[in-house]
Amino acid sequence: MPADFVSSLFVFILAAFLGFEVIKRVSPLLHTPLMSLTNALDAIVVVAAIIIAGRHESRLATILGLVAVAASFSNMVGGFVITDRMLHMFKSGKAKKS
Amino acid sequence: MTAASAQQLIDFTYILAAVGFILALKWLSSPVSAMRGVLIGEVASGVAVVATLFDPQVSQYKWILIALIIGAGVGVPLGLVKMTAVPQRTALSHAFGALSAALIGIAEYYVAAPQVPKFEMAEIGLEVIIGSLTFTGSLIAAGKLQEILPQRPITYRGQNYVSLSVLAAAIVLMVTLVLHPEYTQLFPVMIAVALIFGVMLVTPIGGADMPTVISLLNSYAGFSAALLGFVLNSKVLVVAGALDGASGFILSVIMCKAMNRSFTNVLFGGFGQIHTTAAGAKEERPVKSATPEEAAAILSAASKVVIVPGYGMAVAQAQHKVRELYDNLTKRGIDVKFAIHPVAGRMPGHMNVLLAEADIPYDKLIDMDDINGEFPQTDVALIIGANDVTNPAARTDPASPIYGMPILDVDKARTVMVIKRSMAAGFAGIDNPLYYMDKTLMLFGDAKGFVGSIVRELTSGGGHG
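Definitions and limits used
Residues numbered from 1 in each chain as written. Chains lettered and ligands numbered in written order. Predicted model: local features only at pLDDT ≥ 70, side-chain atom pairs only at ≥ 80, totals over all residues. Helix = DSSP H or I, 4+ residues; strand = E, 2+ residues; numbered from the N terminus. Rg over C-alpha atoms; globule rule 2.2 N^0.38 Å. Buried ≥ 20, exposed ≤ 12 C-beta atoms within 10 Å, placed from the backbone. Contact = placed C-beta atoms within 7 Å. Core = buried A, V, L, I, M, F, W, Y, C linked by C-beta atoms within 7 Å. Expected span 1.5 Å × (residues − 1). Pairing = 2+ DSSP bridges. Axes fitted to C-alpha atoms, helices over the stretch in contact; angles between N-to-C directions. Domains from an automatic or database assignment. Nonpolar A, V, L, I, M, F, W, Y, C, P; charged D, E, K, R; others polar. pLDDT = per-residue confidence, 0-100. Parallel < 35°, antiparallel > 145°, perpendicular 65-115°, else oblique. Left-handed = near helix turned anticlockwise from the far one by under 90°.

Observations concerning the overall build of chain A
Alright, step 1. Within chain A, the secondary structure is distributed over five helices and zero strands.
Alright, step 2. Overall, chain A shows an N-to-C arrangement of helices and strands of α-α-α-α-α.
Alright, step 3. Taking 2.2 N^0.38 as the reference for a compact globule, 98 residues should give roughly 13 Å; the C-alpha atoms of chain A span a radius of gyration of 18 Å, well beyond that estimate.
Alright, step 4. Dimensions along the principal axes, computed over C-alpha positions, put chain A at roughly 60 × 30 × 15 Å.
Alright, step 5. A burial count over chain A gives 61% of its 98 residues as buried.
Alright, step 6. When contacts within chain A are restricted to residue pairs at least 6 apart in sequence, those whose partners lie at least 24 apart make up 65%.

Below you can see the structure in the form of structure tokens.
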């Protein structure tokens, strides 16, 4: 088993555990924003897409990389915009009166 | 700066990004700190993207910038959709996420092919299979939610066996590629089979099961990104993918529990097909119906009202009328709360977002477990476009197909009012004994129109509290 795999597995397991602990505490009220936010965070694959597209190893790899850049960046931008909009709508009764 | 030290600096921003992601989710625990969470998520992602543009491996910028602009051009309108369209937008973004993960995996394969080491081939193969099936599966889900495709489940005999064989075929192709990397022509075949499997996975699923499906697809999209992190040895992808995967997984489990289904039942397709047989045995029983005037009089005489919203409210876009009703009753000193079932609507938290959009304070949106104890003290339970989640047969009738599913105990309220288009059975095709109870009044009509009439009656002085 390659060493890279073992270290990635290590990071994966820790992150997944941390994710479970943190996400368990997210209020059910915010489950929709949770999904759109994790979607936006997941769009960090755009950094890998930029590298693939920028390395110019083959025409095919560059084109696939560029499509991936557009697809993931649209998720990043759209995910943050909509999460932001949704959270602005959540107001408590007190905040509304004041 | 040398290339090596630039690389280290970029890696350092990735570590910061990973920390930012975790904080973003941590601060989502309450609506008060949630805005801060989004902000740190934006900063973390932004810093990582900018740092990557300075990566010494990136030699040509023009097309990358064009792709980024196209991405933003697609992303902003998708971020500005109406709240009722959020479920399909979410499904579409799962599709985009999975697509980009799959495409990067495919690019990596063709850069390395045909001399792909066995272990790497297995990683790439698995990643591309999951990414591809999530891509088509999410597109089908988005199509159903947008009602381009029929919402009802499309099923046929032996479907599970056919679907599982297709998945098995994709895996056999992947294993063959691991053992014989020189058969590069099998790679596109494997992708095609995985794409077909994604379609087969979601087509048999009906609209009411969408909360579970969308969570599951979220989880798959996350895990495909994490696997891509394994392929590229990119820890920030592993972290982001693991968080997204964990989130989708937790939501799937919550949705399964709320529908009383096992996780394997969901994973292996059977869902969406249950309990369609119960529709036939319906008998004609008398129901009591009421007019908007009568409903307004009863509501204005109440001191505690619980409103139960369902998908029907979303379809009728009735949330703003419901807010007017809420305002009117609250002004009369009536205690009004909303009872939210976890699977009400088409995605987790769907009802909360719609009601928050209509400006209803979030501290009035109460979870099933917390509100159920309050129904016996409730004067009126007003059900707007919800059906199966209020069906007392789930609690009392072991023969019912939904027996055991946790429901909102609306039948314990003193009076129950149900706004419904007709007596047609709900999505699950099950009759709801709630409608035949003595204390139940059926309010026949469109949710938006009927709530509007009640509000008109209340404001024109129909009731004096």
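Structural notes on the nonpolar core
Alright, step 1. Ranked by size, the top nonpolar core spans 200 residues in total, and within it Val69 of chain A together with Ile384 of chain B carry the most contacts.
Alright, step 2. No other element matches the 16 residues that helix H4 (residues 59–89) of chain A contributes to this core.
Alright, step 3. Those residues in contact with Val69 of chain A, other than ones at most four positions away along the chain, are Val46, Ala49, Ile50 and Ala53 of chain A together with Ile64, Ala67, Leu68 and Gly71 of chain B.

Describing helix H9 (residues 235–258) of chain B
All names here are of chain B.
Alright, step 1. End to end, H9 covers 34 Å across 24 residues, agreeing with the expected 34 Å (1.5 Å per residue, within 8%).
Alright, step 2. In terms of burial, H9 is a largely internal element, 21 of the 24 residues being buried.
Alright, step 3. Phi for Asn260, located one or two positions after H9, is positive at around 55°.

Some points on the sheet that holds strand E4 (residues 380–384) of chain B
Residue and element names in this part refer to chain B.
Alright, step 1. Ordered in space as E3-E2-E1-E4-E5-E6, the six strands form an open sheet in which the pairing is parallel. Among the strands making up the open sheet, the edge pair consists of strand E3 (365–367) and strand E6 (440–444). Strand-to-strand, the axes of this sheet are offset by a mean angle of 25°, without reference to chain direction.
Alright, step 2. With four bridges joining them, strand E1 (residues 304–309) and strand E2 (residues 335–340) adopt parallel strand pairing. Bridge assignment links Ile307 to a residue of E2, and that residue is Phe338.
Alright, step 3. Running over the sheet, helix H17 (residues 447–459) touches E4, strand E5 (415–420) and E6 and is turned about 130° from E5.

Overview of the domain arrangement of chain B
Residue and element names in this part refer to chain B.
Alright, step 1. Assigned domains of chain B: these are domain 1 (60–267) and domain 2 (283–459).
Alright, step 2. Between domain 1 and domain 2, the C-alpha centre-to-centre distance is 36 Å.
Alright, step 3. Across the contact, 19 residues belong to domain 1 and 17 residues belong to domain 2.
Alright, step 4. Sorting the residues of the side of domain 1 that touches domain 2 by element identifies helix H4 (86–112), helix H8 (210–232) and H9 as the ones contributing at least two each.
Alright, step 5. Within the side of domain 1 that touches domain 2, the residues separate by chemical class into 13 nonpolar, six polar and no charged.

Digging into the environment of Tyr311 of chain B
All names here are of chain B.
Alright, step 1. Tracing the backbone shows Tyr311 in helix H12 (residues 311–315).
Alright, step 2. According to the C-beta neighbour criterion, Tyr311 is buried, with 23 such atoms within 10 Å.
Alright, step 3. Residues Tyr311 and Ile360, 49 residues apart in the sequence, show an inter-C-alpha distance of 17 Å.
Alright, step 4. Residues in contact with Tyr311, not counting those within four places in the same chain, are Ala344, Gly345, Arg346 and Gly385.

Describing the confidence of the model for chain B
All names here are of chain B.
Alright, step 1. Chain-level pLDDT for chain B is 89 on average; 93% of the residues reach the 70-or-more range.
Alright, step 2. Mean pLDDT across the elements of chain B ranges from a minimum in helix H10 (residues 263–267), with 66, to a maximum in E2, with 96.
Alright, step 3. Every residue in residues 271–282 scores below 50 in pLDDT, and together they form 28 contacts with partners more than four places removed in sequence or on other chains.

Some thoughts on the interface of chain B and chain A
Alright, step 1. Of the residues lining the interface, 95 residues belong to chain B; the matching set on chain A comes to 80 residues.
Alright, step 2. Within the residue set of the side of chain B that touches chain A, elements represented by two or more residues are helix H1 (3–26), helix H2 (31–53), helix H3 (62–79), H4, H8, H9, helix H14 (350–357) and E3 of chain B.
Alright, step 3. Split into classes, the residues belonging to the side of chain B that touches chain A amount to 59 nonpolar, 26 polar and 10 charged.

Thoughts on the pairing of E5 of chain B
All names here are of chain B.
Alright, step 1. Most of E5 is tucked away, with five of its six residues classed as buried.
Alright, step 2. As defined by bridge partners, E5 adjoins E6 across five bridges and the pair is classed as parallel. Bridging from a neighbouring strand, Val418 pairs with Met442 of E6.

So, helix H5 (residues 118–145) of chain B
Residue and element names in this part refer to chain B.
Alright, step 1. Its 28 residues give H5 an end-to-end C-alpha distance of 40 Å, which sits within 8% of 40 Å, the value for a rise of 1.5 Å per residue.
Alright, step 2. Summarising burial for H5: 22 of the 28 residues are buried, a large majority.
Alright, step 3. One or two steps after H5, the chain reaches Glu147, where phi turns positive at roughly 65°.

Remarks on the packing of H5 of chain B against helix H7 (residues 186–202) of chain B
Residues and elements named next belong to chain B.
Alright, step 1. At their nearest, the axes of H5 and H7 sit 7 Å apart, and the two run at 40° to each other. Comparing the axis directions of H5 and H7 gives the class oblique. Between H5 and H7 lies a crossing of right-handed hand. Residues Gly125, Val128, Ile129, Ser132, Leu133, Thr134, Phe135, Thr136, Gly137, Ile140 and Ala141 of H5 form the contact with H7, whose own contacting residues are Met190, Ile191, Ala194, Leu195, Phe197, Gly198, Val199, Leu201 and Val202.
Alright, step 2. Classifying every residue of the contact of H5 with H7 gives 14 nonpolar, six polar and no charged.

Let's talk about the packing of helix H2 (residues 31–42) of chain A against H4 of chain B
Alright, step 1. Two elements in contact, H2 of chain A and H4 of chain B, have axes separated by 10 Å at closest approach and are oriented at 25°. Here H2 of chain A is positioned roughly parallel relative to H4 of chain B, judged by the angle of their axes. The two elements H2 of chain A and H4 of chain B cross, and the hand of that crossing is left-handed. Counted together, Thr32, Met35, Ser36, Asn39 and Asp42 of chain A of H2 of chain A and Val86, Thr90, Ser93 and Gly97 of chain B of H4 of chain B form the full contact between these two elements.
Alright, step 2. Of the residues contributing to the contact of H2 of chain A with H4 of chain B, the split by class is two nonpolar, six polar and one charged.

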